[in-house]
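Chain by chain, the residues:
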Amino acid sequence: MLKRKPRRDKMIADYVMQNKENFYRLAYSYVQNREDALDIVQDSIQKAITSDTLKDSNALKSWFYKIVVHTSLDFLRRRKKVTVLDDTTIQLHFPSHKDHYRDIDLEQALNQLPFQYRSVIVLRYFEDLKIEEVAEVLDLNINTVKTRIYKALKILREHIEDIDFEEVSHNG
Amino acid sequence: MGNNKIDQLKKKYKEIPIPSELDSIVESALQKRSPKKHGIRWVAGIVAAGIIFTTSLNVSPTLAKSLEDIPVVGSIVNVLVFKEYRVEEGNYQADIKVPAIDKLENKALEESLNEKYLAESQELYDKFMSEMESQQAFGQDGHLQVDSGFLIKTETDQLLSIGRYVEEIVASSAVTIQYDTIDKENQLLVTLPSLFKDDSYVEVISNNILSQMKEQMKEDPNKMYFIESPDVLDTDVFTTIKRDQNFYINPNNQLVISFDEYEVAPGYMGVTEFVIPTKELEDILVSNQYLK
């Protein structure tokens, strides 16, 4: 409804140029292959510049990450590679996804995490988003994010004995 | 987090190789932007019959003056750009257009609206300038942007709905839009309570909006409203509209309820609007004068 502005577009373009590699990796972490990840980056940029949903330049980061995550999930849904499960029905026994990673227990464990849990780990620890930003990106409230990080670390714990659980709650 | 294993995982993640085509793909995606429209012309495009735009006077030497004249197109009640504040200093940008209503026979109404518009814009401008000056005084590399103007939502022989929006990009920010709807025939300001026989409209409208929210969320998983759900804090949940909730009447004579950004939905949803079907309101309307 509000008119779009050149300076808004410039801001987005600058941000995208600076962070394109992060977006690519994030997309790759979902789809696990190069061509699809490139497609997702492209689609996300187009969604971003045609969408009017950004109202706050300070929220640019979480807004763009959100678009990349949504685009990746949409892609996976179309491919039917993923079924989104709710927290209570998640089991710990997941079949391997197509495994492009080197054969290391830890990485496998991460890749085998359900998306809800993998997303919070990737965004929080690999992309260094704040808990609040993770919440914004995934449309969750902060407590849900904390719970998911906690559970994700718990699942990974079998492979990562030295994770310090206490840190989660102090990181918000 | 200083955790070795997590750091290891992060390191592996950062080693995901970046394909050489990424640059060219990103650049071509960025170039596919659609051409921009000019704001004023866009507003003028909506005008059917009776609105003049003029711009006048400006204030301090830091302001870049901008004059735009658009010819008169007949007149019953006019909305003009009474004044425009513009500031362009690097990262500090403001563009505040002050609307004014003209040729309303009810001069008291005209003056009270115009005074309100001017006072609010002046306040917005003062706030912007003092924020900018204080940031500059401390040598901070700040970023401040304010964009404010108005749009004509409805212009019929009978009704005029004017929306004034403020888009602020500062430390914490939001978009707000406020509407005024004027009955041009009777020279009255239409308020929400005045449309209904009694206060039951609050509940009727709220319930209708709640069901629209649920419907939309079901249809599109990307949509999200603050309604009861495990992911929304109880304090944020939308339960009811305000007695004087922001609204306008659209050209189809339907009531449209408007919520500011963050009011009922996460920021990415922006300003949200709900058209309330008139048949839902039939029983409680004073008359079908405005809503049909």
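Small disclaimer: the values here were computed from a predicted structure and weren't measured.

Asker: Would you mind going over the overall build of chain B in detail, with residue names and values included?
Answerer: Secondary structure assignment for chain B yields six helices and nine strands. Relative to its full complement of 292 residues, chain B shows a buried share of 29%. Across chain B, the fraction of contacts at a sequence separation of at least 24, relative to all contacts at a separation of at least 6, is 56%.

Asker: Help me get a handle on the overall build of chain A, residues and values and all.
Answerer: Looking only at helices and strands, chain A features eight helices and zero strands. Reading the helices (α) and strands (β) of chain A from amino to carboxyl end gives α-α-α-α-α-α-α-α. Here chain A holds 172 residues, and 38% of them are scored as buried. Sequence separation of at least 24 residues holds for 59% of the intrachain contacts in chain A that already meet a minimum separation of 6.

Asker: Break down the nonpolar core for me, citing the residues and quoting the values.
Answerer: All names here are of chain A. Counting 98 residues, the largest nonpolar core has A27, V68 and A152 as the members making the most contacts within it. Looking at which element gives the most residues to this core, the answer is helix α1 (residues 6-31), with nine residues. Excluding anything up to four places from it in sequence, A152 contacts L113, Y117, V120 and I121.

Asker: Explain the packing of helix α5 (residues 115-126) of chain A against helix α6 (residues 131-138) of chain A to me, using residue names and the numbers behind them.
Answerer: Each pair of packed helices can be described by the angle between their axes along with the distance between the axes. All names here are of chain A. For the pair α5 and α6, interaxial distance at closest approach is 9 Å and the crossing angle is 135°. The angle between α5 and α6 places the two elements in the oblique class. Both α5 and α6 take part in a crossing whose hand is right-handed. Touching S119, V120, L123 and R124 of α5 are I131, V134, V137 and L138, all from α6. Looking at side-chain class alone, the contact of α5 with α6 contains six nonpolar, one polar and one charged residues.

Asker: Any chance you could break down the sheet that holds strand β4 (residues 159-169) of chain B for me, citing the residues and the numbers?
Answerer: All names here are of chain B. The mixed open sheet is built from six strands, whose spatial order is β1-β2-β3-β4-β5-β6. Either end of the sheet is taken by a strand with one partner, and the two such strands are β1 (78-89) and β6 (188-190). Here the average twist between neighbouring strands, direction ignored, is 25°. Sheet topology places strand β2 (residues 92-102) next to strand β3 (residues 144-155); five bridges connect them, and they run parallel. Pairing of Q93 across the sheet is with Q145, part of β3. In the packing of helix α4 (residues 107-137) onto the sheet, the strands contacted are β1, β2, β3, β4, β5 (175-183) and β6, and the crossing angle to β2 comes to about 170°.

Asker: Please provide a residue-by-residue account of the sheet that holds strand β9 (residues 272-276) of chain B, values included.
Answerer: Residue and element names in this part refer to chain B. Read across the sheet, three strands follow the order β7-β8-β9 without closing on themselves; strand pairing throughout is antiparallel. Both edges of this open sheet fall to β7 (247-249) and β9, since each of them pairs with a single strand only. Along the sheet, successive strands turn relative to each other by an average axial angle of 25°, direction set aside. Pairing of strand β8 (residues 255-259) with β9, which is carried by five bridges, proceeds in the antiparallel orientation. The partner of S258 across the bridge, within β9, is E273. Against the sheet, helix α5 (residues 200-219) contacts β8 and β9, and its axis sits at roughly 115° relative to β9.

Asker: Explain α5(B) residue by residue, including any values.
Answerer: Each α-helix winds once per 3.6 residues, and so residues spaced three or four apart point in a common direction. Residues and elements named next belong to chain B. The end-to-end C-alpha distance of α5 is 29 Å, a good match for the 28 Å that 20 residues give at a rise of 1.5 Å each. Taken together, the buried positions of α5 are occupied by Y201, I205, I209 and M213. An end-on view of α5 places all buried positions within 95° of arc, on one side of the element. The exposed residues of α5 that point more than 90 degrees off its buried face are S200, E203, N207, S211, E215 and K218. Each element contacted by the buried residues of α5 is listed here: β8 and β9.

Asker: An account of helix α1 (residues 4-14) of chain B is needed here, citing residue identities and associated values.
Answerer: Residues and elements named next belong to chain B. Every buried residue of α1 is accounted for by I6, L9 and Y13. Along the axis of α1, the buried positions cluster into a sector of 60°, meaning they face one direction only. Counted as exposed and oriented over 90 degrees from the buried face of α1: N4, D7, K11 and K14.

Asker: Tell me about the pairing of β1(B), and please be specific about residues and values.
Answerer: With nine of twelve residues buried, β1(B) is to be regarded as a mostly interior element. Between β1(B) and β2(B), which pair antiparallel and follow one another directly, the connecting turn spans two residues, one of which, B:G90, has a positive phi of 60°.

Asker: Go over unusual backbone geometry with me, naming the residues and quoting the values.
Answerer: Despite not being glycine, A:D128 shows a phi value in the positive range, around 55°. Position of A:D128 relative to the elements: it lies in the loop between α5 and α6. Not every positive phi belongs to a glycine, and B:N253 is a case in point at roughly 60°. In this structure, B:N253 sits in the loop between β7 and β8. Judged by C-beta crowding, with 16 C-beta atoms within 10 Å, B:N253 ranks as partly exposed.

Asker: I'd like a description of the pairing of β5(B), backed by residues and values.
Answerer: Residues and elements named next belong to chain B. Of the pairings in the sheet, the one linking β4 to β5 comprises nine bridges and is antiparallel in character. Along β5, the bridge assignment pairs Y165 with I177. Linkage of β5 to β6, two consecutive antiparallel strands, is achieved through a turn of four residues, within which Q187 is found at a positive phi near 60°.

Asker: Describe in detail the environment of A:E136, supporting the description with residues and values.
Answerer: Residue and element names in this part refer to chain A. Within the secondary structure layout, E136 lies in helix α6. Residue classification places E136 among the buried positions, given that 22 C-beta atoms sit within 10 Å. In sequence terms E136 and A59 are 77 residues apart; their C-alpha atoms lie 9.0 Å from each other. The residues touching E136, leaving out its near neighbours within four places in the chain, are A59, S62 and K66.

Asker: How would you explain the confidence of the model for chain B if you had to name every residue and give the values?
Answerer: A residue-level look at chain B finds 77% of positions with pLDDT of 70 or above and a mean pLDDT of 75. Across the interfaces of the predicted complex, the ipTM metric reaches 0.74, alongside a pTM of 0.45.

Definitions and cut-offs
Residues numbered from 1 in each chain as written. Chains lettered and ligands numbered in written order. Predicted model: local features only at pLDDT ≥ 70, side-chain atom pairs only at ≥ 80, totals over all residues. Helix = DSSP H or I, 4+ residues; strand = E, 2+ residues; numbered from the N terminus. Buried ≥ 20, exposed ≤ 12 C-beta atoms within 10 Å, placed from the backbone. Contact = placed C-beta atoms within 7 Å. Core = buried A, V, L, I, M, F, W, Y, C linked by C-beta atoms within 7 Å. Axes fitted to C-alpha atoms, helices over the stretch in contact; angles between N-to-C directions. Parallel < 35°, antiparallel > 145°, perpendicular 65-115°, else oblique. Left-handed = near helix turned anticlockwise from the far one by under 90°. Nonpolar A, V, L, I, M, F, W, Y, C, P; charged D, E, K, R; others polar. Pairing = 2+ DSSP bridges. Expected span 1.5 Å × (residues − 1). Arc of directions from axis to C-beta. pLDDT = per-residue confidence, 0-100.

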